[in-house]
Amino acid sequence: MVSQYLRDFMLALIALFPSRNYITQIVRLLYETGGIDRKTFHQMYRDIVDPDMEYMLEKLGVVFSEDYVKLKFMSPGWMLASLYDDIFGMLDNEDFRKRISEAVDLEIHDPFEEWLYIKIDTVLKDPAHGYSARIALKELVNRNTVTSKELVDKGLTPGEAYAVADVLKYLGLVEHLDGVIRLTSPLIDQRDKFERVLKRVGVLGGE
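Residue indices follow the written sequence of each chain, beginning from 1 at its first position. With the structure being a predicted model, the display of local features is reserved for residues of pLDDT at least 70 and the display and counting of side-chain atom pairs for 80 or more, all residues being used for whole-chain, interface and lining totals. Note that water and hydrogens are dropped before the side-chain values are worked out from all heavy atoms of the structure.

Tell me what's going on with helix α8 (residues 130–140), and back it up with residues and numbers.
Across the eleven residues that make up α8, a large majority, eight, are buried. Per-residue accessibility, obtained with a 1.4 Å probe over protein chains only, is compared with the maximum for each type, and a residue is labelled buried under 20%, exposed over 50%, and partly exposed between these values. Helix and strand definitions here come from DSSP, where helices need a minimum of 4 consecutive H or I residues and strands a minimum of 2 consecutive E residues; each element is numbered from the N-terminal end. All buried positions along α8 are accounted for by Gly-130, Ser-132, Ala-133, Ile-135, Ala-136, Leu-137, Glu-139 and Leu-140.

Here it is, written out as structure tokens:
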């Protein structure tokens, strides 16, 4: 017998996953990265954030300055985004997901892996940075750190190497400082999911 009340809750929760909802996606991305420069934010969401959506984001605590877009600490958006630290952890357990999936007659995927897929798929489809991102991600899957010089040795120009490092940083995939590009701690801790997503999008051989 399907638990209807639990099913309604799970449908509502899934609808607010960062991979499924642009409002949640934006506040989670700003929460993970500490902010994004205004030009990059516009490029990422130019066809999505209209004046009404921007108004809602501001009410949630998103600050649109001339040069940067940030999320106020402990604002409603901050608190919403921070919930996913625990939700990702809770739904990381495959046995738990299986039990709840059977109870509500829904296929519940790992939300962290879904979110990771959205971010990586987005950058790979970017005409300006997709090729560079593919090279950088392939290098990072075998080690935690790569330098912009090493990416140049792989065929990128210095400008392309620095630009793709910043794009990956704005997606919360890497840290980038002085030409050193390092996977974020969550990706290092969940390298299996990182590798699985890279196989899914064709960066690595496999499925």
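Could you give an account of the packing of helix α2 (residues 22–33) against helix α5 (residues 76–90), with specific residues and numbers?
Working convention: axes come from line fits to C-alpha atoms, limited for helices to the stretch in contact. Angles between N-to-C directions cover 0 to 180 degrees. At a minimum axis distance of 9 Å, the contact between α2 and α5 shows a crossing angle of 85°. Relative to α5, the element α2 is oriented roughly perpendicular. Residues Thr-24, Val-27, Arg-28 and Tyr-31 of α2 pack against Gly-77, Trp-78, Leu-80, Ala-81, Ser-82, Tyr-84, Asp-85 and Phe-88 of α5. Three classes are used, and their members are as follows: Ala, Val, Leu, Ile, Met, Phe, Trp, Tyr, Cys and Pro are nonpolar, Asp, Glu, Lys and Arg are charged, and the others, Gly among them, are polar. Looking at side-chain class alone, the contact of α2 with α5 contains seven nonpolar, three polar and two charged residues. The cut-offs work like this: below 35 degrees is roughly parallel, past 145 is roughly antiparallel, 65 to 115 is roughly perpendicular, and the gaps in between are oblique. Residues are treated as being in contact if the distance between any of their heavy atoms lies within 4.5 Å.

So, the packing of aromatic side chains: which residues are in play, and what are the values?
To pair, rings of Phe, Tyr and Trp, with the six-membered ring standing in for Trp, must have centres within 6.5 Å; the planes then decide the type, stacked if under 30 degrees apart, edge-to-face if over 60, and tilted in the middle. Under the defined criterion, the tally for this structure stands at seven aromatic pairs. Aromatic pair Tyr-22 and Tyr-45: ring centres 6.4 Å apart, planes at 85°, arrangement edge-to-face. Taken together, the positions of Tyr-22 in helix α2 and Tyr-45 in helix α3 (residues 38–45) put the pair 23 residues apart, joining distant regions of the chain. With relative accessibility at 4%, the residue Tyr-45 sits in the buried group. Plain terms: the ring middles of Tyr-84 and Phe-88 are 5.9 Å apart, the flat faces sit at 55° to each other, and that makes the pair tilted. Note that Tyr-84 and Phe-88 are positioned in helix α5 at a spacing of four residues, about one turn of the helix.

Account for the pattern of salt bridges, with residues named and values stated.
A pair is scored as a salt bridge if a Lys or Arg side-chain nitrogen falls within 4 Å of a carboxyl oxygen belonging to Asp or Glu. With the rule as written, the count across this model stands at 13 salt bridges. Here Lys-119 makes a salt bridge to Glu-32, at a shortest N to O gap of 2.8 Å. Of this pair, Lys-119 sits in helix α7 (residues 111–124) while Glu-32 sits in helix α2, and the two are 87 residues apart along the sequence. Overall, the relative accessible area of 27% leaves Glu-32 in the partly exposed class.

Help me get a handle on the environment of Arg-200, residues and values and all.
You can see Arg-200 is positioned in helix α12 (residues 191–200). Residue classification places Arg-200 among the partly exposed residues on the basis of a relative accessible area of 49%. Linking Arg-200 and Ile-23, residues 177 residues apart in sequence, is a C-alpha distance of 26 Å.

Please give an account of the side chain of Asp-110 that cites residues and values.
Here Asp-110 lies in the loop between α6 (94–104) and α7. For Asp-110, a relative accessible area of 7% gives the class buried. Among all residues touching Asp-110, those that are not within four sequence positions of it are Leu-91, Asp-92, Arg-97 and Lys-193.

I'd like a rundown of the environment of Gly-205, residues and numbers included.
Locating Gly-205 in the fold gives a position in the segment after α12. We classify Gly-205 as exposed; its relative accessible area is 62%. Once the C-alpha coordinates of Gly-205 and Glu-195 are considered, the two residues, ten residues apart in sequence, prove to be 10.0 Å apart.

How would you explain the environment of Leu-171 if you had to name every residue and give the values?
On the secondary structure map, Leu-171 appears in the loop between α10 (158–170) and β5 (174–177). Along the primary structure Leu-171 and Thr-122 are separated by 49 residues, whereas in three dimensions their C-alpha atoms are 9.3 Å apart. Beyond its immediate sequence surroundings of up to four residues, Leu-171 is in contact with Leu-29, Glu-32, Thr-33, Met-44, Lys-119 and Val-123.

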